[in-house]
Amino acid sequence: MTQTQTETPSPATEGARNRRIVLAAHPQGLPRAGDFRLETTAIPEPAEGQVLLRTRWLSIDPYMRNLMDEVGPGYAPPVALGAPMVGGTVSEIVASRHPRWRVGQQVLSNTGWQDYALSDGEDLLSLDGLARPSLALGGLGMPGFTAYVGLLDIGQPKAGDTVVVAAATGAVGAVVGQLAKLRGARVVGIAGGADKCRYAVEALGFDACLDRREPDLAGRLAAACPDGIDVYFENVGGEVLDAVLPLLNVGARIPVCGFIAHYNKDESAAIDLGPKLLAAVLQKRVRMQGFIILDHYADRHADFLRDMTAWIAAGDIVPTEDVVAGLEQAPAALADLLQGRNFGKVVVRVNEGA
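Analysis parameters
- Residues numbered from 1 in each chain as written.
- Predicted model: local features only at pLDDT ≥ 70, side-chain atom pairs only at ≥ 80, totals over all residues.
- Heavy atoms only, no water.
- 1 Å grid on protein atoms, 1.4 Å probe; cavity = no way out; pocket = protein on both sides within 12 Å on 5 of 7 lines; lining within 4 Å.
- Points joined across faces, edges and corners; volume = space filled by probe spheres on them.
- Nonpolar A, V, L, I, M, F, W, Y, C, P; charged D, E, K, R; others polar.
- Buried < 20%, exposed > 50% of the residue type's maximum accessible area, 1.4 Å probe, protein only.
- Helix = DSSP H or I, 4+ residues; strand = E, 2+ residues; numbered from the N terminus.
- Arc of directions from axis to C-beta.
- Phe/Tyr/Trp six-rings, centres within 6.5 Å; stacked < 30°, edge-to-face > 60°.
- Pairing = 2+ DSSP bridges.
- Axes fitted to C-alpha atoms, helices over the stretch in contact; angles between N-to-C directions.
- Contact = heavy atoms within 4.5 Å.
- Salt bridge = Lys/Arg side-chain N within 4 Å of Asp/Glu carboxyl O.
- Polar contact = N/O pair within 3.5 Å; in protein donor to acceptor, adjacent residues only side chain to side chain.
- Patch = residues over 30% accessible without salt bridge, like charges linked within 9 Å, V, L, I, M, F, W, Y side chains within 5 Å.
- Areas by Shrake-Rupley, 256 points an atom, 1.4 Å probe, with all protein chains shown as cover.

## Topic: empty space enclosed by the protein
- For the structure shown, the criterion picks out one cavity of 30 Å³ or more.
- Partitioned by chemical class, the residues of the lining of the largest cavity number five nonpolar, six polar and one charged.

Here it is as structure tokens:
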């Protein structure tokens, strides 16, 4: 990751500077250090009706890889070369010229990979009263909401169903599995490594968890699901989906929120599942539905916040965080996430104070 510096003095915070990580090149496969550039610039001054935000926590999510391509995924514009990387943040208001927002408030924002940013306040959500603000990026944020809508609205698990979820200890998968258990389902996770599988069973309450790195995933999954699969929460694709398809029961449901095995255009994930997938969907009368969580905020977000807040408070849902220290570590954190090296929701502690 290269570095540049602008020497204009900061008008807003004396002695401080704004670090930001911008997209320097479109990745070819897995993002590498050279695809990013660390810049140091002046801190902007808020105009009338604006607030100045200082980033405390930054969310790292798989969708960021899609936005780094020259042509974006369609549901959101790609990041332009030279522009800061996008991302959800927990920020503190450090200067305000806005009648509704005051200095010192913690807010949920989308200011991306940088220390400071301006906002007109319209896209901010107050986090006052939230003892652990970083949860607004995970269990109480977009990943938790994705699990909630995908599993409950599309997957619709019933008591006694078998639910399979890959990336079982990731930000979304861990919540999916716990929600399925609350619905009385039998939950089988798939994760990368014995430690993750042990955690899924012992801490998250999964009934079983399979290490995808061990041989014969298909055979082991069949043994773990003797009654077939009623719900498969799809967020990986590749060999995991290949192992799931023969085990789907008639009327199975597949919510699709991603396919991380294919994001880096890795040839090892290039399994042609087209005919096999179509045959399973037809013959097993499977309902397979993709969804973009941005479409569901208007009608389901209030329900999600009410329910998930109560479940976390009661200990029914255990949110797991993988904390990375320092903005400059964000590129490596994204690369690790895309390779399945994370353990829970990846958040970067950008600045102390929250």
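More follows now that the structure is in view.
## With respect to helix α4 (residues 194-202)
- Turning to α4, its buried residues are K196, C197 and A200. All buried residues of α4 fall inside an arc of 100 degrees around its axis, so they share one side. Turned more than 90 degrees off the buried face of α4, the exposed positions are D195 and E202.

## A look at the packing of aromatic side chains
- Taken as a whole and assessed by the stated rule, the structure comprises seven aromatic pairs.
- Relative to W311, the ring of Y148 lies with its centre 6.2 Å away and its plane at 45 degrees, an arrangement referred to as tilted. Taken as a pair, Y148 in helix α2 (residues 142-155) and W311 in helix α8 (residues 297-314) lie far apart in primary sequence, 163 residues in all. Across the pair, exposure class does not vary: Y148 and W311 are buried alike.

## Digging into the sheet that holds strand β14 (residues 287-290)
- Strand order in the open sheet formed by six strands is β11-β10-β9-β12-β13-β14, with parallel pairing between adjacent strands. With partners counted over all chains shown, the strands left at the sheet margins are β11 (208-211) and β14, one partner each. Ignoring which end each strand starts from, the neighbouring axes of this sheet average 15 degrees apart.
- As paired strands, strand β9 (residues 162-166) and strand β10 (residues 186-191) are joined by five bridges and run parallel to one another. Across the sheet, the residue bridging to A166 is I190, located in β10.
- α4 rests against β10 and β11 of the sheet, and its axis sits at about 170 degrees to β11.

## What to know about the pattern of salt bridges
- The tally for this structure, following the rule as stated, stands at 21 salt bridges.
- Where R65 meets D69, a salt bridge forms, and the shortest distance between an N and an O atom there is 2.7 Å. Each member of the pair, R65 as well as D69, is classed as buried.
- For the salt bridge of R300 with D153, the shortest nitrogen-to-oxygen distance reads 2.8 Å. With R300 in helix α8 and D153 in helix α2, this residue pair connects regions lying 147 residues apart in the sequence.
- Residue D153 is classed as partly exposed on the basis of its relative accessible area of 28%.

## Observations regarding the side chain of R65
- Relative to the elements of secondary structure, R65 occurs in helix α1 (residues 63-67).
- A residue is classified by how much of its surface remains accessible, and R65, at 0% relative accessible area, is buried.
- Reaching out from R65, the side chain makes a polar contact with the side chain of D69 at a distance of 2.7 Å.

## Concerning a nonpolar patch on the surface
- On the surface, a cluster of nonpolar side chains totalling about 330 Å² of accessible area is made up of Y75, I292, L294 and Y297.
- Position of Y297 relative to the elements: it lies in helix α8.

## Focus on the environment of D69
- Examined against the element boundaries, D69 turns out to sit in the loop between α1 and β5 (89-96).
- Each C-alpha atom, one on D69 and one on A80, is 9.1 Å from the other, the two residues being 11 residues apart in sequence.

## Observations concerning the layout of surface pockets
- For the second largest pocket, the calculated volume is near 160 Å³.
- Lining the second largest pocket are L108, L125, S126, L127, D128, L130, A136, L140, L305 and T309.
- Among the secondary structure elements, those contributing two or more residues to the lining of the second largest pocket are β8 (125-126) and α8.

## Points about the environment of G192
- Relative to the assigned elements, G192 resides in the loop between β10 and α4.
- On a C-alpha basis, the gap between G192 and E214 in space is 8.9 Å, while along the polypeptide they are 22 residues apart.
- Look past the residues within four positions of G192 in its chain and what remains in contact with it is D211, R212 and R213.

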